[in-house]
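The chain contents come next:
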Amino acid sequence: MRKSYSIFAVAMAAAIATPSFAAPRTAPAVPKPPVVTYGLIRDEYGVPLAADAKASARLVLDSAPEGRVYAQSAVEANVFLGMNYRLSLEIDSSGPVRSRAVTVGTQMRVQAIVEGVDEGLSPDPVWATPAAGTLQRRDYTLGEDLDGDGLPDAWELWMMELNPYAGEEGQPDNIAAFKPGGDCDRDGMSNLQEFLAGTDPFSETDLFSIVSFEKVPGTSLAAITFKTSVDRLYHVLVSETAGGNDWSPVATSASADGEFGYATYEGTGRDMTVYVDAALGSAFFKVACH
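Predicted model only: the values in this text are computed from it and were never measured. Sequence positions are assigned chain by chain, starting from 1 and proceeding in written order. For a predicted model such as this one, the threshold for reporting local features is a pLDDT of at least 70, and the threshold for listing and counting side-chain atom pairs is 80 or more; totals across whole chains, interfaces and linings nevertheless cover every residue. Values reported for side chains reflect all heavy atoms of the structure, with hydrogen atoms and water molecules removed beforehand.

Chemist: Help me get a handle on the overall build of the chain, residues and values and all.
Modeler: Helix and strand definitions follow DSSP, with helices as H or I runs of at least four residues and strands as E runs of at least two, each counted in order from the N terminus. The helix and strand tally for the chain stands at three helices and 19 strands. In the chain, which comprises 290 residues, the proportion classed as buried is 39%. Contacts are assigned to residue pairs that have any heavy atoms within 4.5 Å of one another. The long-range fraction of contacts in the chain, counting pairs at least 24 apart against all pairs at least 6 apart in sequence, stands at 57%. We get accessible surface area from the Shrake-Rupley algorithm with a probe of 1.4 Å; when it comes to residues, only the shown protein chains can shield them. When the accessible surface of the chain is summed, it comes to about 16500 Å², and 55% of that surface belongs to carbon and sulfur atoms. Only protein chains enter the accessibility calculation, which uses a 1.4 Å probe; a residue whose area is less than 20% of its type maximum is buried, one above 50% is exposed, and one in between is partly exposed.

Put into C-alpha cells, the structure is as follows:
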C-alpha cells in the first residue's frame, strides 16, 4: 500500500511542476444528421415479422467484423406501410469522441436476434456507411439462401414438396433450378413475386391482383377490390403517373361511410374491398403487398 501511495505522490508533484497553458477555444462541431436504415424483415416463408412468436426479435447494427454495437431496434409488433424496423446510426462530426458515432465508409452489419440466436439474414446484411443524412431502405429475410437468388432455401424446399407437377419437364427439382424469375404456373407472377405475395407458385388461380376498380354512385369515392393471402399485409398507393416512381400512401377506409386514414390491412385469403377518395383529378392507384 505504501508503494502505491508513493507513486501517486510523485505523479501529483510532476503535474504541479509542469507549466499549464489554456487550450485554444474552438467552435463546437455541428452534429451531422444520422443515417437512417429502415425496411421490412420477413421470416423464411415470406411472412413479415409482426404479431407472432418472432415479434420479440431485435435488430442489432454493429461494425463488421469487430462486432461493436452502434444501434439496436425491436421489430415492431405492427407492420405499417411496409416497414417494421428502423435503425438510426450516428455519424462522426469530427467533434468530441462519441461512443456510437462512426465515420462514412465504415463497414456495418445488421443482425436479427431471435430468442438470443442470430437467425442470419439475406441478402448480405453488410454494407458501407453512406453519407450523413442518408435514408436507406433495406429489406431482409431470415434464414439461409445458399444460392443467393432472393428465395430462402426453406421456402424453396417447401414449395418443391408441394409441387403437383413435380417430375414434369421444366419443373424445378432442386433449389438451384427454382429461379426467382421463373413462372412455374404461368400466371404472370414470377416465383419471387409469389414468395412475397404469399401465393402458390404452382397454381395459376392463386395470384395477387386487383379484381375491380369502381366508382361509388353519388360520391367521390372509388372501391378497390383485390385478392389477398393469409399472413400478408396490404396498403394503397397513389401517383399522378402510372409508370413513375413517385407513388405515395393514400388515405383509405374499409367502408364507404367509415373514417379515412393511412391504414394497413391484414389479408384473409379472400377478396378485400377498400375505399379511396377519387376526387384527386387524374390519379392512378395501386395496392402494395408485404
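Chemist: Let's hear about the packing of aromatic side chains: which residues, and what values?
Modeler: Only centres within 6.5 Å qualify two rings of Phe, Tyr or Trp (six-membered ring in Trp) as a pair; their planes then separate them into stacked at under 30 degrees, edge-to-face at over 60, and tilted for everything else. As enumerated under the stated definition, the model contains seven aromatic pairs in all. Ring plane angle 45 degrees and centroid distance 5.6 Å describe the contact between Phe208 and Tyr234, whose orientation is recorded as tilted. Linking Phe208 in the loop between α3 (191-197) and β13 (210-215) with Tyr234 in strand β15 (residues 233-239), this pair joins segments that are 26 residues apart in sequence. Judged by relative accessible area, which is 22%, Phe208 ranks as partly exposed. On the basis of relative accessible area, Tyr234 is assigned to the buried category, the value being 1%. Arranged with centres 5.5 Å apart and planes meeting at 45 degrees, the rings of Phe226 and Tyr234 form a pair that is tilted. Pairwise contacts between aromatic rings join Trp155, Phe178, Phe195 and Phe202 into one cluster.

Chemist: Quick one: what's the story with the sheet that holds strand β6 (residues 101-102), residue by residue and with numbers?
Modeler: Read across the open sheet, the four strands follow the order β6-β5-β1-β11; overall the sheet is mixed. One side of each edge strand has no neighbouring strand; the edge strands of this open sheet are β6 and β11 (135-137). The pairing criterion for strands is at least two bridges between them, as found by DSSP. Sheet topology note: the strand β5 (residues 85-91)/β6 ladder contains two bridges and is parallel. Paired with Glu90 across the two strands is Ala101, which belongs to β6.

Chemist: Just give me the short version of a nonpolar patch on the surface, but keep the residues and values in it.
Modeler: Think of a patch as exposed residues, more than 30% relative accessible area, with no salt bridge, where like charges cluster within 9 Å and nonpolar side chains (Val, Leu, Ile, Met, Phe, Trp, Tyr) cluster within 5 Å. One speaks of a salt bridge when a side-chain nitrogen belonging to Lys or Arg is within 4 Å of a carboxyl oxygen belonging to Asp or Glu. Together, Tyr45, Trp158 and Leu162 make up an exposed nonpolar region whose accessible area comes to about 300 Å². The topology assignment puts Leu162 in helix α2 (residues 153-162).

Chemist: Explain the nonpolar core residue by residue, including any values.
Modeler: The nonpolar core is taken to be a set of buried Ala, Val, Leu, Ile, Met, Phe, Trp, Tyr and Cys residues, with the residues joined through side-chain atoms within 4.5 Å. Judged by nonpolar contacts, the single largest core of 22 residues is most densely connected at Leu59, Leu61 and Val110. At the level of secondary structure, the elements contributing two or more residues to this core comprise β3 (58-63), β4 (69-74), β5, β7 (107-114) and β12 (140-142). Apart from residues lying up to four places away in sequence, Leu59 is in contact with Ile41, Ala71, Gln72, Ser73, Val75, Tyr85, Leu87, Val110, Gln111 and Ala112.

Chemist: I'd love a proper account of the sheet that holds strand β2 (residues 41-42), names of residues and values included.
Modeler: Ordered by their spatial adjacency, three strands build an open sheet running β2-β12-β9, and the pairing between neighbours is mixed. Of all strands in the sheet, those with a lone pairing partner are β2 and β9 (121-122), marking the two edges. Direction of pairing for β9 relative to β12: antiparallel, over a ladder of two bridges. What sits directly across from Leu121, in β12, is Leu142.

Chemist: Outline α2, supporting the account with residue identities and numerical values.
Modeler: Among all positions of α2, only Asp153, Trp155, Glu156, Met159 and Met160 are buried. One side of α2 holds all its buried residues, which, seen down the axis, span an arc of 165 degrees. Exposed residues on α2 whose side chains face more than 90 degrees from its buried face are Glu161 and Leu162. Taking the helix axis as origin, the arc is that swept by the directions to the C-beta atoms.

Chemist: Now, about the pattern of salt bridges: what can you tell me, with residues and values included?
Modeler: For the structure shown, the criterion picks out one salt bridge. Here Arg137 and Asp139 are joined by a salt bridge, their closest N and O atoms 3.0 Å apart.

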